[in-house]
Amino acid sequence: MSVIGKNIEKVRGKIADAAGKSGRSLSDVRLMAVTKTVDDERIMEAIEVGVDIIGENYVQEAKRKIEKMGKNVEWHLIGHLQTNKAKYAVRLFDMIHSVDRLGVAVELDKRAKLSGNFVKILIEVNLSGEESKSGVIGEGAIDLIRDVSLLETLSIKGLMTMPPWFDEPEDARPFFSALRGLRDRIAEENIDGVHMDELSMGMTGDYAVAVEEGATIVRVGRAIFGERDYTMK
Ligand SMILES: *Cc1c(COP(=O)(O)O)cnc(C)c1O
């Protein structure tokens, strides 16, 4: 088996352990392979061993890859979305994890209407308040979700977060459990058209902890493909 295949097997094993440990069903957790800067050949290897969600950060890069590799897998946008890229995003992605302000949601809705799409989205939440981070700040998610829920073509499926960077995965745990708590509270509001099924959280350093805290999609790049080479693009 290829190195990428072995890495994916290892990651799946850790996901299974974490699910077991926390009494969750393995089928409730999906693995996304994060492929920014990763070349097509290595992405194909991941797909061959059964990865069925590919996560990309940049619309342009994703557009090229999707046109080449096709839609036999789901393509998700996880990077910050600029309003002027919304028209491509609605056509390219099966889910957009990074909706964090009304302006971009309105633009997505407008573009989706024009192209006759419906778009699944997650609301990205910034739980640490760090200014360098994308995401609507904490409780602000509730008002944003009320507003976005009124946009006809957008279907809110849950929440996404990126905790601050820590050496110790355990340090990320409070952020993951906070996202789950926020998800539960929003679900209780029973907002029309809002489904709080998905929690997109956990990356190479901390995905096992995220699974223990309820992640339904973990976004893993380096544990599958190795360190990224940003000079190669
Ligand atoms: C790059 C990235 C990931 C993957 O990070 P790794 O540390 O390589 O697993 C996950 N989520 C987002 C939003 C990213 O930008």
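Quantities reported herein were computed from a predicted structural model and do not represent experimental measurements. (Residues numbered from 1 in each chain as written. Predicted model: local features only at pLDDT ≥ 70, side-chain atom pairs only at ≥ 80, totals over all residues. Heavy atoms only, no water.)

This brings us to the nonpolar core. Considering soluble globular proteins, one finds that nonpolar side chains tend to be buried as a cluster. Membership of the largest hydrophobic core comes to 66 residues, with the highest contact counts inside it found for Phe93, Ile96, Ile123 and Leu159. The biggest single contributor to this core is helix 1 (residues 3-21), with 6 residues. The residues touching isoleucine 96, leaving out its near neighbours within four places in the chain, are Leu77, Leu81, Ala89, Leu108, Val119, Lys120, Ile121 and Leu122. Formed by 8 residues, the second largest nonpolar core is a distinct cluster that contains Val34, Ile53, Met95 and Ile217. (Core = buried A, V, L, I, M, F, W, Y, C linked by side-chain atoms within 4.5 Å. Buried < 20%, exposed > 50% of the residue type's maximum accessible area, 1.4 Å probe, protein only. Helix = DSSP H or I, 4+ residues; strand = E, 2+ residues; numbered from the N terminus. Contact = heavy atoms within 4.5 Å.)

Turning our attention to the pairing of strand 2 (residues 53-56). Neither face of strand 2 is exposed, since Ile53 and Gly55 on one face and Ile54 and Glu56 on the opposite face are all buried. Handedness of the crossover is the feature at issue here: the chain leaves strand 1 (residues 30-34), passes through helix 2 (residues 40-48), returns alongside strand 2, and the resulting connection is right-handed. Bridge count for strand 2 against strand 3 (residues 74-77) is 4 bridges, and the pairing is parallel. Considered in strand 3, the bridge of glycine 55 is made with histidine 76. For the segment spanning strand 2, helix 3 (residues 59-69) and strand 3, crossover handedness is right-handed. (Right-handed = clockwise from strand over helix to strand, strands pointing away. Pairing = 2+ DSSP bridges.)

Let's shift gears to the side chain of glutamate 61. Looking at where glutamate 61 falls in the secondary structure, it is placed in helix 3. A polar contact is formed between the side chain of glutamate 61 and the backbone nitrogen of threonine 37, at a distance of 2.7 Å. (Polar contact = N/O pair within 3.5 Å; in protein donor to acceptor, adjacent residues only side chain to side chain.)

On to the site of the ligand, then. In the vicinity of the ligand, the residues found are Val34, Lys36, Asn57, Ile78, Met162, Met203, Thr204, Arg219, Val220, Gly221, Arg222 and Arg228. Between the ligand and arginine 219 there is a distance of 2.9 Å, counted from a nitrogen atom to a side-chain nitrogen or oxygen. Within the side chain of arginine 222, a nitrogen or oxygen atom sits 2.8 Å from an oxygen atom of the ligand. Burial of the ligand by the protein chains amounts to 94% of its free accessible area of 390 Å². (Near = heavy atom within 4 Å. Areas by Shrake-Rupley, 256 points an atom, 1.4 Å probe, with all protein chains shown as cover.)

A few words now on the pattern of salt bridges. Under the counting rule described, the total for this entry stands at 22 salt bridges. Residue arginine 101 pairs with aspartate 100 through a salt bridge whose shortest N-O separation is 2.9 Å. Close ionic contact of arginine 173 with glutamate 170 constitutes a salt bridge, the shortest N to O distance being 2.8 Å. For glutamate 170, a relative accessible area of 43% puts it in the partly exposed group. Shared partners join several salt bridges into a network, and the residues in it are Lys21, Glu170, Arg173, Arg180, Glu212 and Glu213. (Salt bridge = Lys/Arg side-chain N within 4 Å of Asp/Glu carboxyl O.)

Now for the pairing of strand 7 (residues 154-161). Of all 8 residues in strand 7, 7 are buried; the element is thus mostly enclosed. Both strand 5 (residues 119-126) and strand 7 contribute to a ladder of 7 bridges, which runs parallel. Each residue of the ladder has a partner; that of isoleucine 121, found in strand 7, is isoleucine 156. With helix 7 (residues 173-188) bridging strand 7 and its parallel neighbour strand 8 (residues 194-200), the resulting β-α-β unit is right-handed.

Next up on the list: the packing of aromatic side chains. Evaluated as defined, the whole model comprises 1 aromatic pair. With a centroid separation of 5.9 Å and 40° between ring planes, the pair formed by phenylalanine 166 and phenylalanine 175 is classed as tilted. Judged by relative accessible area, which is 19%, phenylalanine 175 ranks as buried. (Phe/Tyr/Trp six-rings, centres within 6.5 Å; stacked < 30°, edge-to-face > 60°.)

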